[in-house]
Structure formats: C-alpha cells, structure tokens
Amino acid sequence: MRPRRATYRKATDVGVKALSLLASLVGIFFLGWILFEVARRGLGAIDWQFFTQNPAPPGVEGGGLSSAIVGTLLITALATLIGVPLGVMAGVYLAEFGKQNRLGSSVRFAVNTMMGVPSILVGLFIYAIFVLPFGHFSGYAGAMSLAVIMIPVVARTTEDMLGLVPDALRESALALGAPRWRVTVSVVFRSAKSGMLTGILLAVARVSGETAPLLFTALNSPYWPSSLAEPTSNLTVTIFNYAMSPYADWQQAAWGASLLIMASVLGLTVFARVALKEKKG
Amino acid sequence: MTDTAASSAPGGVRPPKSEPRPMVDGRRRRLGDPIFRLVAAACACAVLVMMIGLILELVVNAYPAIREFGLGFLVSDAWNPVRSDFGALSSMYGTVVSTVIAMALAVPVSVVIALFLVELAHPTLAKVVGGAIQLLAAVPSIIFGMWGLFVFAPFMADNVQPVLGDYLGFLPLFQGPPMGIGMLTAGIILALMILPFVTAVMRDVFEMVPAVVKEAAHGMGSTTWEVTRKVTVRYGAVGLVGAVFLGLGRAVGETMAVTFVIGNSHRVSASLFSAGNSIASTLANEFTEASEPLYLSALVYLGLVLMVMTLVIQVGAQVWLRRIKKTLGGSS
C-alpha cells in the first residue's frame, strides 16, 4: 500500500463520519418534516363533522368523510379476512411441507416475485378478472386486490416465523402421537404466535394505506357504502381525487384524510413492532 | 403367569378399556393430515396461480394493442387518444429517469447511514435512528404524494431549482422554468421512499462482516473509513448489489407519490425540471378515463412493459441472493 500522511487519512475519516451523521439526520429530518406538515394541515380539517357526515360538494359548508372511513374499514377488513388465512396456509405449506420439493420452491419464487409486483399492476389484474366481467367497479374487487397484495407478505412472514421454531419441538409433539395438523396448529403456531401476529399487523397496516390498487377496483363514491357490490367510498382514493381538485375545501379535507390514514398506519406499525421485541427491524 | 400379568397390568389392562379411542384418533389422523396438507398446498398453489394469472391477464388484455402497434410501441413517443395512436417511450423514459435519480441519491446515502448505524453510533442511538428511518418505510405512498405536491414541490420551485438553474444551468438537465413538479422532484421523493429499504439491507450486510476481520484491519492502524471501504464494503459487495436490486424494484413501480409530483405530460424532455410521466403514473391517471378499447389495451400494454421490468429485476435479485447464500454459506 502506498503510504499516506496520517493527518490526511484522519481528516478523511472525520469527514466521512460527519457525512454519515449528516445523512442520518437528513433522513430523520424528512420524516419529521412530513409528519409535521401532515399533522399541521390535517388537524385543521378534523372536527366532529369529519367523522359523522358524508362528503359535501365543493363550496358547501360542513360535510365530512364518514362514508370513506367506513368504506376503507370494510374493504380492509374483508381483505384481511381473505388474505390472512390464505397467506398463513401458504406459509405453512412452505415451512412444513414444501422445504425441499419442486412445488415448494416454485411457490417460494412466486411469493418473492408477487411481493415485488407494483400494487398498481395488481389493480390492473383485479380489474381484468373482477371488474370487466361484471361490468362495474365494486368494493369486493377493491378488497380482492388488497388481499392479493397481502397474501404473499403474510405467506413470507409465516414461513420465516415457522422456520424459527426448532424441529425438536415438532418431533416431540409427533412422538406424543399428535397428528401433523395438530402439531402445526397447537404447537408450532403457538410458539411462533407473536412473530406471525406482527407480520399480519404490518401487512394490514400496509394495505390500509394503499391507493393504487383501489383506483380501478373499488373506485370511489360520495355515498354511504351500503353494499360492497358497487363502487365504494374509501379514504385513499378520496385523498387522490380531492388533492387533484381545484377546490380549497376539498384539499383541506384531503389533508384531514391524510392525517387519519397516516396516524392509523404508523400507529399500527409501531404497535406491531413494539408489541414484539424479538423481531429485528 | 400371575407375575407376568401383574407386571404388564399398567400397559396390558388399559388398551382394551379405551379401545374405541385409538381407532377414532387413528381415523381422524388418517383423514386430518392429508386434508391439512391439501389445504396448505392449495393455498400455496393459489399464490402461483395469482402470479401466472396476473401475467396472462396482462398479455391477453394488451393483445389488441400489441397487434396494432407491435414492438414499435416501445420506441414511439406518440400518445394521442383522439387519433388512437399510442407509444410507450415517454412513460418508459420517465420511469427510467426517475428511478435513476432515486437510485443515485438513495444508494450512497443509505451506505453512509448504514455505516453510521453499525460502526459509529452508540447502540441505543443506532436503535432510535434506525427505527426512525424504518418508520419512513411505513408512510403510505399517498402521504408522500400529498406532502410532495403541496409542500415539497413549492419548496423545490422557490429554493432548490433556481439555485441549480443558476449554477448548473449550462447543462441541459437543469434548464427550463422552475415549476417545482417534474422529474427531479419525483426522483428525490422516490429516493426518500426507497431509502429505508436499501438502508435496512446495507445494515444487515455490514453486520454480517465478522468482527475479527474488521478488528484485524483496525489493528493494522486503519481508520474507521478505511476499514469500511477496504474491508466491509468488499466483504459485503454481493449483499450491496442485492440492496440495489431491492431499491430498483421498489422505485420502478411506485405509483401514487410519483403521480402527484411528476406533472403528467407525455413528453420526452432532457430537462429534469420539466413535467413528465412514468408508466405507473400514466396508468393511475388515465385508466379510468379510457373509453376506447384500444386506449385501454394500450394502457394494459404499458402495464405489461412495467411487469416485464419488474420480473427482470425480481428474478435478477433472487438469482443473485441465491448466489450469495452459496458463496457465504461456503466461506463463513
């Protein structure tokens, strides 16, 4: 190695250290900036009416986003009902039956790939199989698209978490004469419970803030979501529509909805991460 | 005789008493296990079917446009719904440019952040800072969009773009009116969005380097930066490439935040200040408005192009990761 002056090397070192501190501060600064602006502008829009009234036309006093809040809750709940069992069982297959075989490795490949597929393409897919044949947008289609996003995430976490359970535990349960399904449900699930719950909560948090897959599936609607078989009001698409509109009061409402979505998604995420400490970032 | 009967009593007496039970248990086991396995396999296959179905549906629905425009679609910059003339060039250009900006900003920054978290910061501080950076990953895309359009774009227009224009305006990249929205703003926001993902992987890679190797370098009198550059980065080079793949995959398909700030115009322009569009933003903006079948089909064709880009990145990443596992599995 070519020898260099010690002062030069030390200066470079200090410089890089300062740079790395600066970079970390920049990351935190942007997070703080986003949180602050959304909170500042959103708080002004949130009042009692925001939660209790349906959207009003631009320029009309009052009005809220109650229909969108309920719609988002319904769509997310239905997506969770479809996505979690399917995802968990797919993860069970990967961890318990498909470790070595061909089906296992192809499914593992599909899971990893589906996790990287942009959510807007999932929206296109559901549009093609669920909206086109029926001729209209629907809340069910929205829930389906969110479920499709959820399944690979849940499957992957389940596989990872079940993989952490030592085989000795499975073997001792089998040795007691328990059938395989019993071993999985009452022994393996139980010891992987907190990790799986965290993964599921994170997946729910993620899809509840998704917008792109709902654009062509649930669409949006200003009315109370009386049935999921029709275009269904939801918060995220409402934010998109209101933000792009030229009306100040709609943009204001979009900030309120943003604050609501951000607070619930981040709240759920932090809760999931804190509730389970073993799982690393 | 009596002796043996007495000694085998605990084992010998019980079975006749509870004879029906093991049979029921056995029958349930015989049925329960295959059913359980079948259900699990069916759910696993569902994921496979989803992936294949997604690709098939894209191809089928894009077919009218594929037949009409062929591969020329990829190099045509036309986008005229009235005359039904479509091309993907401006959208693809926007996707590539915004992704390149995002990667160029996010990768070096995440390397130094990971360096800070692993080598410099006190563990407690690293936990707090790392947690905050990870929280950035949980912020929904649409929130980045709102903030980008109403807060960050005006900031760019007032403070950043005029300065860039003054000092670097001789480059075609930084010419034109500072509007705030456009490629550069979209790229910076994308960089923020992928930063936590890339940082997380870089951090794992840095932590994988055995302490002994680093200590040996320190023992030779190297400074922390020299250890990082010459030992840690070399040791984890394969992992770093994986991190880059991950960031690429995220950035290419990001929709809402980009749609808010990119400006949505079908133009290919050298200036990063000018409005453009990406594949995802075109889909988000125009899909529900497309009334002509050919228009719709052209949009799906765009989606197919994005899917191919994603697949290339995903497959590349997975092949690469498998290679890492093999090499690291052998050496460490």
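Parameters at a glance
Residues numbered from 1 in each chain as written. Chains lettered and ligands numbered in written order. Predicted model: local features only at pLDDT ≥ 70, side-chain atom pairs only at ≥ 80, totals over all residues. Heavy atoms only, no water. Helix = DSSP H or I, 4+ residues; strand = E, 2+ residues; numbered from the N terminus. Rg over C-alpha atoms; globule rule 2.2 N^0.38 Å. Buried < 20%, exposed > 50% of the residue type's maximum accessible area, 1.4 Å probe, protein only. Contact = heavy atoms within 4.5 Å. Lys, Arg positive; Asp, Glu negative; His and termini not counted. Charge placed at Lys NZ, Arg CZ, Asp CG, Glu CD. Salt bridge = Lys/Arg side-chain N within 4 Å of Asp/Glu carboxyl O. Axes fitted to C-alpha atoms, helices over the stretch in contact; angles between N-to-C directions. Parallel < 35°, antiparallel > 145°, perpendicular 65-115°, else oblique. Left-handed = near helix turned anticlockwise from the far one by under 90°. Expected span 1.5 Å × (residues − 1). Bend = angle between axes of the 7 residues up to and from the residue. Phe/Tyr/Trp six-rings, centres within 6.5 Å; stacked < 30°, edge-to-face > 60°. Core = buried A, V, L, I, M, F, W, Y, C linked by side-chain atoms within 4.5 Å. Domains from an automatic or database assignment. Buried area = accessible area lost by both parts, 1.4 Å probe. Polar contact = N/O pair within 3.5 Å; in protein donor to acceptor, adjacent residues only side chain to side chain. 1 Å grid on protein atoms, 1.4 Å probe; cavity = no way out; pocket = protein on both sides within 12 Å on 5 of 7 lines; lining within 4 Å. Points joined across faces, edges and corners; volume = space filled by probe spheres on them. Nonpolar A, V, L, I, M, F, W, Y, C, P; charged D, E, K, R; others polar.

Engineer: How do you make sense of the overall build of chain A when you look at a structure like this?
Structural biologist: Regarding its fold elements, chain A presents 12 helices and 0 strands. Overall, chain A shows an N-to-C arrangement of helices and strands of α-α-α-α-α-α-α-α-α-α-α-α. Computed over the C-alpha atoms, the radius of gyration of chain A is 24 Å, more than 25% above the 19 Å expected from 2.2 N^0.38 for a compact globule of 281 residues. Across its three principal axes, chain A shows a C-alpha extent of roughly 70 × 65 × 35 Å. Within the span of chain A, comprising 281 residues, buried residues form 51% of the whole. For chain A, long-range pairs separated by at least 24 residues make up 71% of all intrachain contacts whose partners lie at least 6 apart in sequence. Taken as two groups, the 22 positive and 13 negative side-chain charges of chain A have centres that lie 15 Å from each other.

Engineer: Before we go on, may I ask you to explain the pattern of salt bridges in this structure?
Structural biologist: As a working rule, side chains carrying opposite charge can pair if their charged atoms are close by. Scanning the entire structure with this criterion turns up 12 salt bridges over all chains. In this structure, Arg9(A) engages Glu226(B) in a salt bridge whose closest nitrogen and oxygen atoms are separated by 2.7 Å. Placement of Arg9(A) in helix α1 (residues 6–43) and of Glu226(B) in helix α9 (residues 224–235) is noted, with the two residues assigned to different chains. The class for Arg9(A) is partly exposed, based on a relative accessible area of 22%.

Engineer: Teacher, can you tell me more about the packing of helix α11 (residues 235–244) of chain A against helix α12 (residues 248–275) of chain A here?
Structural biologist: Each pair of packed helices gets described by two things: the angle between the helix axes and the distance between those axes. All names here are of chain A. Running from N to C, α11 and α12 cross one another at 150°; their axes reach a closest spacing of 8 Å. Comparing the axis directions of α11 and α12 gives the class roughly antiparallel. Like other packed secondary-structure pairs, α11 and α12 cross with a definite hand, here left-handed. Residues Leu 235, Thr 236, Ile 239, Tyr 242 and Ala 243 of α11 touch α12, and the partners they reach there are Trp 250, Gln 251, Ala 253, Ala 254, Ala 257, Ser 258, Leu 260 and Ile 261.

Engineer: Even after reading the chapter, I still don't get helix α6 (residues 141–168) of chain B, so can you show me in this structure?
Structural biologist: Owing to its 3.6 residues per turn, the α-helix aligns residues three or four sequence positions apart on the same side. The end-to-end C-alpha distance of α6(B) is 31 Å, clearly below the 40 Å that 28 residues give at a rise of 1.5 Å each. The largest bend in α6(B) is about 50°, located at Gly148(B).

Engineer: Would you explain the packing of aromatic side chains in this entry?
Structural biologist: Geometry of an aromatic ring pair is reported as the spacing of the ring centres plus the angle between the planes. Counting across every chain of the model gives 28 aromatic pairs over all chains. On the basis of an interplanar angle of 85° and a centroid distance of 6.1 Å, the ring pair of Phe69(B) and Phe86(B) is categorised as edge-to-face. Here Phe69(B) is found in helix α3 (residues 20–69), whereas its partner Phe86(B) is found in strand β2 (residues 85–86), with 17 residues between them in sequence. In terms of burial, Phe69(B) and Phe86(B) fall into one category: buried. Taken together, a centroid distance of 5.1 Å and an interplanar angle of 15° make the contact between Phe86(B) and Tyr295(B) stacked. Note that Phe86(B) is positioned in strand β2 and Tyr295(B) in helix α13 (residues 293–331), a separation of 209 residues in sequence. Its relative accessible area of 9% is what places Tyr295(B) among the buried residues. Here the aromatic cluster, defined as three or more aromatic residues joined through ring pairs, consists of Phe29(A), Phe30(A), Trp33(A), Trp147(B), Phe152(B) and Phe155(B).

Engineer: Teacher, can you tell me more about the nonpolar core here?
Structural biologist: Across soluble globular proteins, nonpolar side chains show a tendency to be buried alongside one another. With 169 residues, the main nonpolar core has Ile120(A), Phe144(B), Trp147(B), Leu283(B) and Phe287(B) as its most contacted residues. Each of two domains, domain 1 (6–43) and domain 2 (51–275) of chain A, supplies a minimum of three residues to this core. Discounting chain neighbours no more than four positions away, the residues touching Trp147(B) are Phe30(A), Trp33(A), Ile34(A), Glu37(A), Trp255(A), Phe152(B), Ile189(B) and Leu192(B). Of all hydrophobic cores here, the second largest spans 10 residues; its members include Val112(B), Phe116(B), Ala121(B) and Ile133(B).

Engineer: Teacher, can you tell me more about the domain arrangement of chain A here?
Structural biologist: Note: interface size is frequently given as the accessible area lost on complex formation between the parts. Residues and elements named next belong to chain A. One can read the domain layout of chain A as domain 1 (6–43) and domain 2 (51–275). Computed from C-alpha coordinates alone, the two centres of domain 1 and domain 2 are separated by 33 Å. Between domain 1 and domain 2, the contact holds 7 residues from the first and 7 residues from the second. Carbon and sulfur atoms supply 84% of the area buried between domain 1 and domain 2, which totals about 590 Å² over both sides. If you look at where domain 1 meets domain 2, you find 0 salt bridges. At the junction of domain 1 with domain 2, the criterion picks out 0 residue pairs in polar contact (both at pLDDT 80 or more).

Engineer: Sorry if this is basic, but what is going on with the layout of surface pockets here?
Structural biologist: By volume, the second largest pocket is sized at about 410 Å³. At the level of secondary structure, the elements contributing two or more residues to the lining of the second largest pocket comprise α1 of chain A together with α4 (89–120), α6 and α7 (183–208) of chain B. With 7 residues, α1(A) is the single largest residue contributor to the lining of the second largest pocket. The residue makeup of the lining of the second largest pocket, split by class, is 17 nonpolar, 1 polar and no charged.

Engineer: Help me understand the packing of helix α7 (residues 167–175) of chain A against helix α8 (residues 180–191) of chain A in this model?
Structural biologist: Residue and element names in this part refer to chain A. Close contact between α7 and α8 brings their axes to 10 Å; oriented N to C, the two are set at 140°. Considering the angle they form, α7 stands oblique to α8. Pair α7 / α8 crosses with right-handed handedness. Counted together, Leu 169, Arg 170, Ala 173 and Leu 174 of α7 and Arg 180, Val 183, Val 187, Val 188 and Ser 191 of α8 form the full contact between these two elements. A breakdown of the residues in the contact of α7 with α8 according to their chemical character gives 6 nonpolar, 1 polar and 2 charged.

Engineer: Could you clarify how one ought to interpret the interface of chain B and chain A in this entry?
Structural biologist: Each partner contributes to the interface: chain B provides 80 residues, whereas chain A provides 80 residues. Regarding the contact of chain B and chain A, the summed buried area is about 7100 Å², with carbon and sulfur atoms giving 81% of it. Where chain B touches chain A, the interface holds 1 salt bridge. Where chain B packs against chain A, one counts 8 residue pairs in polar contact (both at pLDDT 80 or more). With 22 residues, α3(B) is the single largest residue contributor to the side of chain B that touches chain A. Grouping the amino acids of the side of chain B that touches chain A by side-chain chemistry returns 53 nonpolar, 18 polar and 9 charged.

Engineer: How should the side chain of Ser297(B) be read in this particular structure?
Structural biologist: On the secondary structure map, Ser297(B) appears in helix α13. Looking at Ser297(B), the relative accessible area reads 3%, which means it is buried.

Engineer: Just to check I follow, could you spell out helix α3 (residues 66–97) of chain A for this structure?
Structural biologist: In this model, α3(A) (32 residues) spans 45 Å end to end at C-alpha, consistent with the 46 Å of a helix rising 1.5 Å per residue. Residue Gly83(A) marks the point of greatest curvature in α3(A), where the axis turns by about 25°; the proline Pro85(A) follows within four residues.

Engineer: Any chance you could explain the environment of Ala147(A) here in plain terms?
Structural biologist: Residues and elements named next belong to chain A. Note on placement: Ala 147 falls in helix α6 (residues 139–164). Assessed through its relative accessible area of 2%, Ala 147 is described here as buried. The spacing of Ala 147 and Val 207 is 60 residues in sequence and 8.3 Å in space, taken between C-alpha atoms. If sequence neighbours within four positions are ignored, Ala 147 has contacts with Ala 79, Ile 82 and Gly 83.

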